[in-house]
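Remarks on the overall topology
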Amino acid sequence: MNTLPKTFSFKMPAEATPLGYRPRPAQVLLEVSRLRKRFPQGDTPAVERVGFTLGEGELLALLGPSGCGKTTTLRMIGGFEHPDEGTITLRRRDITHLPPEARGIGFVFQDYALFPHLNVLDNVRFGLRRMPRAEAKAKAREMLGMVGLAGLEGRKPSELSGGQQQRVALARTLAMSPPLVLMDEPFSNLDAAMRVETRQEVRKLMKAAGSAGILVTHDQEEALAIADRVAVMEAGRVLQIGTPDEIYRNPASEFVASFLGRSNILTGTASGLEAATPFGTLPLSRAANGAVALAVRPEQIMLEPDPEGAASVVGREFRGHDQLYWVQEGERCMLVISGPGASIDIGTRVRLRICDCVVPLV
Ligand code: ADP
Ligand code: MG
């Protein structure tokens, strides 16, 4: 089995895309460059100029709405789809035109693709056919122990829950110690509670095995929760790539600001690190100039009851750990999240204050 992944730090080389960055070359596992794919029936390319790098042991989420090209990108990396343009290199070897089985990449399919007639142990052993029998059996048992399924070796897939089947599929893939595992919506067949539990387990197992992973998802919460970095896609392109924290705090565009969490969009006039806005002069998270759209997260706004206030509460959603308010001020409706304290009734006049940097969008 591989050793635990080394941690790595990043620096931004000159050729990196704006707001993206690359791991240092020595630690790059996968490099995807300017991938393009147009299906014969499609008016526009399904994937257009997609490029990113992945470090050894790193977990990347490809996040975007349905139809934005996530699966097509993954299938090109796996070798199941041929790109019209672009290159894919794995550990500096050009694999763009290799068949899937020659790439040494693991794949976890959405439906797990387990053999129904084989028991759990034999499903995991299947990928180890070239290993001596006893060794393969020991390895399969070790992997099943690692994914928490020791004792269930003799069961058939139909005698397991969805989450357990998912772990068998992962054990089968990780048993081959691939440097990279591709996963397309791997949790979509699980119920909500199971999904949350399984995704943290999968992350832990991938890290323990030292395999890097690319996970396709349309669920922003899942991407933020599991990935080291997230690539946000729209209409065939990668719009932004960065750590969950970076992308949430510093979305580059209105699409990213609204797809990843919720954002209020204001207009303002920026000069350097501040902007004149309907809420007064506010500090900016990065410098900008001229007319700009600004993203403000609902949790960055303070709501104060004030009989003289210019705004009023028009909607409310109690969520236990916090409360969501819709607040109308003139033409503008703002979304505000405040703590679980006393509720403010609908119809109450309030004052809004923005108490943080706001993000200028491109
Ligand atoms: P996602 O996984 O993000 O939902 P896909 O990569 O599956 O998106 O699809 C991207 C676009 O390419 C969509 O418009 C889809 O209809 C189209 N597409 C995907 N696969 C095929 C195919 N085999 N033939 C024709 N069009 C396809
Ligand atoms: Mg898909």
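Computed from a predicted structure; not experimentally measured.

**Things to note about the packing of helix 4 (residues 162–174) against helix 5 (residues 192–209)**
At their nearest, the axes of helix 4 and helix 5 sit 11 Å apart, and the two run at 15° to each other. In terms of axis orientation, helix 4 runs roughly parallel to helix 5. In the packing of helix 4 onto helix 5, the handedness of the crossing is right-handed. Facing Gly163, Gln166, Arg167, Leu170 and Leu174 of helix 4, the residues of helix 5 in contact are Met194, Thr198, Glu201, Val202, Leu205, Met206 and Ala209.

**A word on the packing of aromatic side chains**
Per the stated rule, a full pass over the model turns up three aromatic pairs. Consider the rings of Phe80 and Phe107, whose centres lie 5.0 Å apart with planes at 90°: the pair is edge-to-face. Within this pair, whereas Phe80 is found in the loop between helix 1 (70–78) and strand 6 (85–90), its partner Phe107 is found in strand 8 (residues 105–108), the two being separated by 27 residues in sequence. We classify Phe80 as partly exposed; its relative accessible area is 34%. Take Phe107: its relative accessible area is 15%, and that puts it in the buried class.

**A few points about the domain arrangement of the protein chain**
Taken domain by domain, the protein chain comprises domain 1 (25–104 + 178–249), domain 2 (262–296) and domain 3 (299–356). One C-alpha centre belongs to domain 2, the other to domain 3; they are set 21 Å apart. Across the contact, nine residues belong to domain 2 and 13 residues belong to domain 3. For the pairing of domain 2 and domain 3, the buried interface totals around 920 Å² over both sides, and the portion due to carbon and sulfur atoms is 64%. It is Arg262, Asn264 and Phe279 that lose the most area in domain 2 upon contact with domain 3, and together they represent 57% of the buried surface on that side. Joining domain 2 to domain 3, the criterion identifies zero salt bridges. Across the domain 2-domain 3 interface, the total number found is one residue pair in polar contact (both at pLDDT 80 or more). Elements represented by at least two residues in the side of domain 2 that touches domain 3 include exactly strand 13 (264–277) and strand 14 (280–296). Tallying contributions element by element places strand 14 first for the side of domain 2 that touches domain 3, with four residues. Here the residues of the side of domain 2 that touches domain 3 are counted per class, giving seven nonpolar, one polar and one charged.

**A short note on the layout of surface pockets**
Here the largest pocket is characterised by a volume of approximately 820 Å³. Listed by contribution, the elements that provide at least two residues to the lining of the largest pocket are strand 8 and helix 4. Considering every element that reaches the lining of the largest pocket, the biggest residue donor is strand 8, with four residues. Of the residues in the lining of the largest pocket, the class split is 15 nonpolar, five polar and four charged.

**Let's talk about the pairing of strand 14**
Pairing geometry for strand 13 and strand 14, over 13 bridges, is antiparallel. Within the sheet, the bridge partner assigned to Ala275 lies in strand 14 and is Leu282. Two successive antiparallel strands, strand 13 and strand 14, enclose a turn made up of two residues. The pairing of strand 14 with strand 20 (residues 359–361) spans three bridges and is classified as antiparallel. Of the residues in strand 20, the one forming a bridge with Ala295 is Val359.

**Points about the sheet that holds strand 6**
Ordered by their spatial adjacency, four strands build an open sheet running 4-3-6-7, and the pairing between neighbours is antiparallel. Unpaired on one side and paired on the other, strand 4 (47–55) and strand 7 (93–94) mark the two borders of the sheet. Bridge analysis of strand 3 (residues 28–37) against strand 4 gives six bridges, and the strand direction is antiparallel. Bridge assignment links Val32 to a residue of strand 4, and that residue is Phe52.

**Details of the site of ligand 1**
Surveying the vicinity of ligand 1 reveals the residues Phe39, Gln41, Ala46, Pro65, Ser66, Gly67, Cys68, Gly69, Lys70, Thr71 and Thr72. Thr72 places a side-chain nitrogen or oxygen 2.6 Å from an oxygen atom of ligand 1. For ligand 1, whose unbound accessible area comes to 560 Å², protein coverage reaches 58%. Classifying every residue of the shell around ligand 1 by side-chain character gives four nonpolar, six polar and one charged.

**Examining the environment of Gly78**
Topologically, Gly78 is positioned in helix 1. Note: C-alpha distance between Gly78 and Thr217 (139 residues apart in sequence) is 16 Å.

**As for helix 5**
Given 3.6 residues per helical turn, the α-helix brings residues three or four places apart onto the same face. The end-to-end C-alpha distance of helix 5, which contains 18 residues, comes to 26 Å, matching closely the 26 Å that a straight helix rising 1.5 Å per residue would cover. All buried positions along helix 5 are accounted for by Thr198, Arg199, Val202, Leu205, Met206 and Ala209. Relative to the axis of helix 5, the buried residues are bounded by an arc of 135° and lie together on one face. Within helix 5, the exposed residues directed more than 90 degrees away from the buried face are Ala193 and Lys204. Those residues of helix 5 that are buried are in contact with strand 5 (59–63), helix 3 (133–146), helix 4, strand 9 (180–184), strand 10 (212–217) and helix 6 (220–226). One or two steps after helix 5, the chain reaches Gly210, where phi turns positive at roughly 80°.

Reading guide: rules and limits
Residues numbered from 1 in each chain as written. Chains lettered and ligands numbered in written order. Predicted model: local features only at pLDDT ≥ 70, side-chain atom pairs only at ≥ 80, totals over all residues. Heavy atoms only, no water. Axes fitted to C-alpha atoms, helices over the stretch in contact; angles between N-to-C directions. Helix = DSSP H or I, 4+ residues; strand = E, 2+ residues; numbered from the N terminus. Parallel < 35°, antiparallel > 145°, perpendicular 65-115°, else oblique. Left-handed = near helix turned anticlockwise from the far one by under 90°. Contact = heavy atoms within 4.5 Å. Phe/Tyr/Trp six-rings, centres within 6.5 Å; stacked < 30°, edge-to-face > 60°. Buried < 20%, exposed > 50% of the residue type's maximum accessible area, 1.4 Å probe, protein only. Domains from an automatic or database assignment. Buried area = accessible area lost by both parts, 1.4 Å probe. Salt bridge = Lys/Arg side-chain N within 4 Å of Asp/Glu carboxyl O. Polar contact = N/O pair within 3.5 Å; in protein donor to acceptor, adjacent residues only side chain to side chain. Nonpolar A, V, L, I, M, F, W, Y, C, P; charged D, E, K, R; others polar. 1 Å grid on protein atoms, 1.4 Å probe; cavity = no way out; pocket = protein on both sides within 12 Å on 5 of 7 lines; lining within 4 Å. Points joined across faces, edges and corners; volume = space filled by probe spheres on them. Pairing = 2+ DSSP bridges. Near = heavy atom within 4 Å. Areas by Shrake-Rupley, 256 points an atom, 1.4 Å probe, with all protein chains shown as cover. Expected span 1.5 Å × (residues − 1). Arc of directions from axis to C-beta.

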